[in-house]
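Listed below are the residues making up each chain.
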Amino acid sequence: MDHKNTASAFGSVSVPRAVLQNAIPAMAAMLMVLIYNLADTFFIGQTHNDILVAAVSLATPVFLIFMSVGTIFGIGGTSVISRAFGEGRPDYAKKVCSFCMWSCVVVGIALSAAFLIFMDRILTLVGASSDTWGSTKTYLTVVAIGGPFVLISNCYSNIIRAEGQPGRAMIGQLLGNLLNVVLDPIMILAFGWGIAGAAIATVIGNIAGAGYYILYFLRGRSTLSIRIQDFSMKDRICSGVLSIGIPASLGSLLMSVSQIIVNAQMAGYEDMALAGIGVAMKVTMMTGMICIGFGQGIQPLLGFCTGAKQWERFKKIMKFSIIFSLGLSLAMTFLCYLLRGQIVGAFLTEPAAFDYAVSFTNILLTTSFLFGVFYVLVNALQAMGAAGPALIVNLSRQGLIYIPALFLLQAILGVTGLVWAQPAADFLSTLLVAVLYLRTTRKMAGENPDKRDDALEPAKGGV
């Protein structure tokens, strides 16, 4: 796909069509990520051993650290590349793409080695008990081996969208996640490998996804590049990617850290409470993952508009996206509430764990309708290259707001206070990101008056 086709896909079609063409594949890919996340817990649950479910709950946030690091290069690279296309700089975009690939390889190997060396300390930190220690260690040891592939897969499922290829980005994610879902029952139940089987399936799925993206570039189907010859850290490539990628990844990283804290605090009550919070979070994840996909899908559009200084089109995309995402998150929240009992029952058989999960789910769903608006605004800040505001938001939602709320509300309400901390953080962080978005757009529109929309008149069609 050449640069002109990228510009046409992002800058000329009607706003609803442009948004949905990019967002639907991203949402479908995140839906598959959701299914893959649920599959491990579901098939482990079929062993009728809720201690193993608790072990997966402990291991999941640690494993997500790999995905968070991949986000540094995926979201950061997407922002820089989409703005480079908008500015008419395809050669610069190639260098950024290659930088992201080889950074994933080097950082992935280093991160895997660190996990394997410090595994026992990590298990102590996450609150593994004598019952869950062995199973959690088995899972994390296996997935750590595939660390570089997790980074590459997570990175390029974002970057390929920056050149107007949301379908190919979706295929790579679907391939890896579908393979994982297919292998889960075979390895967990048929082969009797239990939690080790879940981890092996996860690694194979990530290798398949990473392999698809690598072959896509090697076959010359992309205007971007992963060749080592195109690798460069000059001309603000490294700083441009990291200034957006690190704030974006901090949201995911702090989500992992905060979930580790929740698990450690919850383990002080009983393992059934730990299993319950793990499943409750997966129920609300159904709304969250779909909304994350929508936000990621529109980010390249907004980044292109920023680079091309198409501010009127930018505003139209945002208006349509906020309305659509709010309706989407409301519908998903209502659906999750109606089906919460059936969903929880698919994972847990122990009555105490089931009761905890349903009670915790009711609390978490109180603010999940805000997810759509939140992720649209966050991705808009990242698309504009607003590193400072993006950093503030990502530090706040799962860190500066959420973590203090955990300890404060636990002291007041006990075990339910740990759960109420998330709705409190959701509400306050949505207010924060709305304020920062309004300030950023006013500032950027004032500094960059719209002089190029008249040259792209077809872009003004639609909403």
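Each remark here, short or long, concerns the structure printed above.
Calculation criteria
- Residues numbered from 1 in each chain as written.
- Predicted model: local features only at pLDDT ≥ 70, side-chain atom pairs only at ≥ 80, totals over all residues.
- Heavy atoms only, no water.
- Helix = DSSP H or I, 4+ residues; strand = E, 2+ residues; numbered from the N terminus.
- Rg over C-alpha atoms; globule rule 2.2 N^0.38 Å.
- Buried < 20%, exposed > 50% of the residue type's maximum accessible area, 1.4 Å probe, protein only.
- Contact = heavy atoms within 4.5 Å.
- Areas by Shrake-Rupley, 256 points an atom, 1.4 Å probe, with all protein chains shown as cover.
- Core = buried A, V, L, I, M, F, W, Y, C linked by side-chain atoms within 4.5 Å.
- Polar contact = N/O pair within 3.5 Å; in protein donor to acceptor, adjacent residues only side chain to side chain.
- 1 Å grid on protein atoms, 1.4 Å probe; cavity = no way out; pocket = protein on both sides within 12 Å on 5 of 7 lines; lining within 4 Å.
- Points joined across faces, edges and corners; volume = space filled by probe spheres on them.
- Axes fitted to C-alpha atoms, helices over the stretch in contact; angles between N-to-C directions.
- Parallel < 35°, antiparallel > 145°, perpendicular 65-115°, else oblique.
- Left-handed = near helix turned anticlockwise from the far one by under 90°.
- Nonpolar A, V, L, I, M, F, W, Y, C, P; charged D, E, K, R; others polar.
- Phe/Tyr/Trp six-rings, centres within 6.5 Å; stacked < 30°, edge-to-face > 60°.

Trainee: Mind showing me how you'd approach the overall build of the protein chain here?
Mentor: From N to C terminus, the protein chain includes 18 helices and zero strands. In summary, the protein chain has a C-alpha radius of gyration of 21 Å against a globular reference of 23 Å for 463 residues, a match within 12%. Relative to its 463 residues, the protein chain shows a buried fraction of 60%. The long-range fraction of contacts in the protein chain, counting pairs at least 24 apart against all pairs at least 6 apart in sequence, stands at 85%. Approximately 17,100 Å² of the protein chain is accessible, and the part contributed by carbon and sulfur atoms is 68%.

Trainee: Please clarify how the nonpolar core should be interpreted in this entry.
Mentor: A general tendency of soluble globular proteins is for nonpolar side chains to be buried together. The biggest cluster of nonpolar side chains holds 150 residues, and the ones touching the most others in it are Phe73, Ile81, Cys100, Tyr156, Met266 and Leu348. For Leu348, the residues in contact, after removing those within four places along its chain, are Asp50, Val53, Ala275, Gly276, Val279, Ala353, Phe354 and Ala357.

Trainee: Please explain the side chain of Ser225 as it appears in this structure.
Mentor: Residue position: Ser225 is located in the loop between α9 (194–218) and α10 (237–266). By relative accessible area, Ser225 is classed as buried at 7%. Within the structure, Ser225 has its side chain in polar contact with the backbone nitrogen of Arg227 (distance 3.1 Å). Residues in contact with Ser225, not counting those within four places in the same chain, are Lys94, Cys97, Ser98, Phe217 and Asp230.

Trainee: Looking at this structure, how should I read empty space enclosed by the protein?
Mentor: If you roll a probe as big as a water molecule over the atoms, it shows you where there is empty space left. The full count for this structure, using the stated rule, is three cavities of 30 Å³ or more. Its boundaries defined by the atoms lining it, the second largest cavity holds a volume of some 70 Å³. Residue assignment for the lining of the second largest cavity shows that the elements contributing at least two residues are α2 (15–45) and α3 (50–86).

Trainee: Explain the packing of α10 against helix α17 (residues 402–413) to me, please; I cannot follow it from the model alone.
Mentor: Two measures define how a pair of helices packs: the angle their axes make with one another and the distance between the axes. One can describe the packing of α10 onto α17 by two numbers: an axis separation of 10 Å at closest approach and a directional angle of 15 degrees. When the axes of α10 and α17 are compared, the pair comes out roughly parallel. As for how α10 packs across α17, the hand of that crossing is right-handed. Listed contacts from α17 to Val257, Ser258, Ile261, Val262 and Gln265 of α10 are Tyr402, Ile403, Leu406, Phe407 and Gln410. Among the residues making up the contact of α10 with α17, the classes are represented as seven nonpolar, three polar and no charged.

Trainee: Before we go on, may I ask you to explain unusual backbone geometry in this structure?
Mentor: Backbone geometry follows two general trends: most residues other than glycine have a negative phi, and most peptide bonds adopt the trans configuration. A positive phi angle, near 55 degrees, is found at Asp235, a position not held by glycine. Inspection of the secondary structure puts Asp235 in the loop between α9 and α10. By relative accessible area, which is 51% here, Asp235 ends up exposed. Of note in the backbone geometry, Lys309 takes a positive phi value of approximately 60 degrees without being a glycine.

Trainee: Would you mind showing me how to read the packing of aromatic side chains here?
Mentor: In total, this model carries 13 aromatic pairs according to the counting rule given. Considering the side-chain rings of Phe320 and Phe324, the 6.0 Å spacing of their centres and the 20 degrees angle between planes classify their relative orientation as stacked. In this pair, Phe320 and Phe324 both sit in helix α12 (residues 311–338), four residues apart, roughly one turn of the helix. Taking relative accessible area as the criterion, Phe324 reaches 32% and is therefore assigned partly exposed. On the basis of an interplanar angle of 70 degrees and a centroid distance of 6.5 Å, the ring pair of Phe371 and Tyr375 is categorised as edge-to-face.

These figures capture arrangement, not role.
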